[in-house]
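Results of the structural survey
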Amino acid sequence: MQYYSTNKKVPPVSFEEAVFQGLPEDNGLYNPAHIPSFTPSFIKDLKNRSRQEIGLEVAKMFIEHELPETVLQEIVSDTLSFELPLASVKQGIFALELYHGPTCAFKDVGARFLARCMGYFTERRGSESTILVATSGDTGGAVAHGFLNVSGVRVILLYPKGKVSAIQEAQLTSLGANITALQVEGTFDDCQALVKKAFLDKAFKRKFNLTSANSINVARLIPQSFYYFHAVSQLETSSPVYVAVPSGNYGNLTAGLMAKKMGLPIARFIAAANANKAFPDYLSSGLFEPRPSIQTISNAMDVGNPSNFQRIYNMYNGDIDAIRRDIAGFTYTDKQTREAISLVMKEYGYLLDPHGAVGYLGVHEFLKDKNGVGIFLETAHPAKFGDIVSESTEQSVIFPERLSNLLNKERNCVPLPVDYNRLKEIVTEVVR
Ligand SMILES: *Cc1c(COP(=O)(O)O)cnc(C)c1O
């Protein structure tokens, strides 16, 4: 499979090239040249396949012969080594719990897949590479964990100071080894802008074999489509299925749209956003207007200029009516998010995190005047946002051990002003 840039000013590349380049040199994003389709019999038979078997079939469609099947099978099995259960919240609404991985966030899936592909390619190439990642919280922890001790790969993370939770910060700064965390005096958008600048700096990029690992990397995107197939495989229904995706940078939603185009019967998606609502506003006005990010309690979704907009726009050839047919947009305030956490606990005994709560609100509102089954993605473990969750539910939250252990570990980070030259100096020092 070839991958093309959404700006179409550079030639298409192989999967391996797209993985290492991260961002094409024309400042676009890589998309698969076409979205492959499954046969109806494969879709019908999903329920008889394990999540790893499904993942392998999806991965093969996008990667074809670039990785030997036995290697790909191992990578997929390892990526999906934890469960992705579909929990019933109330009549007709299910939570797809994506937080059972090592860092308790859905980003574990993409990060583990990318790390394992890159580790394999790096070994085959006999070279070294440096991963530069901007994180609004969860990406960094998942990436750092995914790559920890992968030889030949150095990871440098940029995160906004004071804008990630204590647990998230511990996840970013406690690993050591081949992982370095930079604490940026700015917002997530500043972090993302610094990283973008580095990737557009050809000499610098080449010198350090810079590559990305956030949701713009295709090897993060592809495995995120696995769990939509796995979710539908767990449902026994003949009603239309609607899926709400609590969204920030829109990687998850893009992967869901890919799964739908491959033949997965999802009637429509719900883009559920917090106050950062450039995408829902685009659906209603037809104008995409990026803005500075606004801080909310669902902070992993605080993205004012979602990168994956370009991918979605391209997948639909800019046809906004087609985009509207597949996606409905909803936005919620922090107050509504807290109320949802409280209500869902009180009425149904199900504990939401603030991101999942935005998804729940979306699917709940959408289904008000429709028949159908709703799924929302539960993207983070509620304990990661323990203060908000326990305030809203008036109950304390039990930490899974893999999180509570983190708080006792030694932490290390390097302060970084929003200054590109300083970033270059630090990278040079760290990689040497
Ligand atoms: C990253 C993240 C999101 C948003 O996902 P996108 O793919 O960026 O839209 C939602 N919830 C949590 C917990 C996240 O970490």
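Refer to the structure above for everything that follows.
My aim in this report is to walk through the structure given alongside it, one point at a time. Within any chain, residue numbers begin from 1 and follow the written order of that chain's sequence. Per-residue local features of the predicted model are confined to residues with pLDDT of at least 70, and side-chain atom pairs are confined, for both listing and counting, to 80 or more; whole-chain, interface and lining totals are unaffected and use all residues. With hydrogens and water excluded, all non-hydrogen atoms of the structure serve as input to the side-chain values.

**Details of the side chain of Gln171**
The cut-off we apply is this: Strands are runs of DSSP state E lasting at least 2 residues, helices are runs of H or I lasting at least 4, and numbering of each runs from the N terminus. When accessible area is computed with a 1.4 Å probe and restricted to protein chains, residues below 20% of their type maximum are described as buried, those above 50% as exposed, and intermediate ones as partly exposed. Residue contacts follow a heavy-atom distance rule, with two residues in contact if any of their heavy atoms lie within 4.5 Å.
Its location among the elements puts Gln171 in helix H7 (residues 166-173). By relative accessible area, which is 4% here, Gln171 ends up buried. Those residues in contact with Gln171 that lie beyond four places of it in its chain are Thr103, Gly141, Lys384, Leu403 and Leu406.

**Some details on the packing of aromatic side chains**
Note the cut-off: Between 30 and 60 degrees the pair is tilted, below 30 it is stacked and above 60 it is edge-to-face, where a pair is any two Phe, Tyr or Trp rings, Trp via its six-membered ring, whose centres lie within 6.5 Å.
The full count for this structure, using the stated rule, is 21 aromatic pairs. Aromatic pair Tyr227 and Tyr228: ring centres 5.6 Å apart, planes at 40 degrees, arrangement tilted. The same class applies to Tyr227 as to Tyr228, namely buried. Between Tyr360 and Phe376, the ring centres sit 5.8 Å apart and the planes meet at 80 degrees, which makes this aromatic pair edge-to-face.

**A look at the sheet that holds strand S13 (residues 414-416)**
Filter applied, for reference: Strands are labelled as partners when DSSP assigns at least two bridges between them.
Pairing is parallel across the open sheet formed by 5 strands, whose spatial order is S8-S5-S6-S7-S13. Since the sheet does not close on itself, it has two edges, and those belong to strand S8 (210-211) and S13, each with one partner. When strand S5 (residues 129-134) meets strand S6 (residues 153-160), the two strands line up parallel, connected through 6 bridges. Paired with Ser129 across the strands is Val153, a residue of S6.

**A look at the site of the ligand**
We count it as follows: Residue proximity to a molecule or strand is established when one non-hydrogen atom of the residue lies within 4 Å of it. Contacts described as polar in this section are N or O atom pairs within 3.5 Å, which, within protein, must combine one atom able to donate a hydrogen with one able to accept it, while residues neighboring in sequence count only if both atoms come from side chains. Values of accessible area rely on a 1.4 Å probe in the Shrake-Rupley scheme; residue burial ignores everything except the protein chains shown. Classification used: nonpolar for Ala, Val, Leu, Ile, Met, Phe, Trp, Tyr, Cys and Pro, charged for Asp, Glu, Lys and Arg, polar for all others including Gly.
Surrounding the ligand, one finds 15 residues, the nearest of these being Lys107, Gly248, Asn249, Tyr250 and Thr379. For the ligand, an oxygen atom lies 2.8 Å from a polar atom in the backbone of Gly248. Coverage of the ligand by the protein chains reaches 98% of its 380 Å² of free accessible surface. Classifying every residue of the shell around the ligand gives 6 nonpolar, 7 polar and 2 charged.

**As for the pattern of salt bridges**
Definition in use: Each salt bridge in this description consists of a side-chain nitrogen of Lys or Arg and a carboxyl oxygen of Asp or Glu lying within 4 Å of one another.
Counted by the stated rule, this structure contains 18 salt bridges. With a shortest N-O distance of 3.0 Å, Arg338 and Glu391 are connected by a salt bridge. Taken together, the positions of Arg338 in helix H16 (residues 334-348) and Glu391 in helix H18 (residues 386-393) put the pair 53 residues apart, joining distant regions of the chain. Lys370 serves as the salt-bridge partner of Asp369, at 3.0 Å between the closest nitrogen and oxygen. Residue classification places Asp369 among the exposed positions, given a relative accessible area of 63%. The network of salt bridges with shared partners includes Glu16, Glu17, Arg124 and Arg125.

**Notes on the nonpolar core**
Stated formally: By nonpolar core we mean a set of buried residues, namely Ala, Val, Leu, Ile, Met, Phe, Trp, Tyr and Cys, connected to one another through side-chain atoms within 4.5 Å.
With 95 residues, the main nonpolar core has Phe15, Phe113, Phe147, Tyr228 and Phe279 as its most contacted residues. Here the element with the most residues in this core is helix H5 (residues 107-125); it accounts for 8 residues. The contact partners of Phe113, leaving out residues within four places of it in the chain, are Phe15, Ala59, Ile63, Leu72, Ile75, Val76, Thr79, Ala219, Pro223 and Phe226. The next biggest cluster of nonpolar side chains, apart from the first, holds 28 residues, and it includes Ala272, Ala340, Leu352 and Ala357.

**Some points on the side chain of Thr79**
Mapped onto the elements of the fold, Thr79 is located in helix H4 (residues 69-79). For Thr79, a relative accessible area of 0% translates into the label buried. Every residue in contact with Thr79, bar those within four places of it in the chain, is listed here: Val109, Arg112, Phe113 and Arg116.

**What about the environment of Ser404?**
Mapped onto the elements of the fold, Ser404 is located in helix H19 (residues 401-404). Exposure remark for Ser404: the relative accessible area of 28% places this residue in the partly exposed category. Considering only alpha carbons, one finds Ser404 and Met315, 89 residues apart in sequence, at a separation of 41 Å.

**Concerning the state of the cysteines**
What counts, and what does not: Cysteine sulfurs are considered disulfide-paired once they come within 2.5 Å of each other.
The tally for this structure, following the rule as stated, stands at 0 disulfides. We note that Cys413 lacks a disulfide partner, and the nearest cysteine sulfur, in Cys191, lies 12 Å from it. By relative accessible area, which is 35% here, Cys413 ends up partly exposed.

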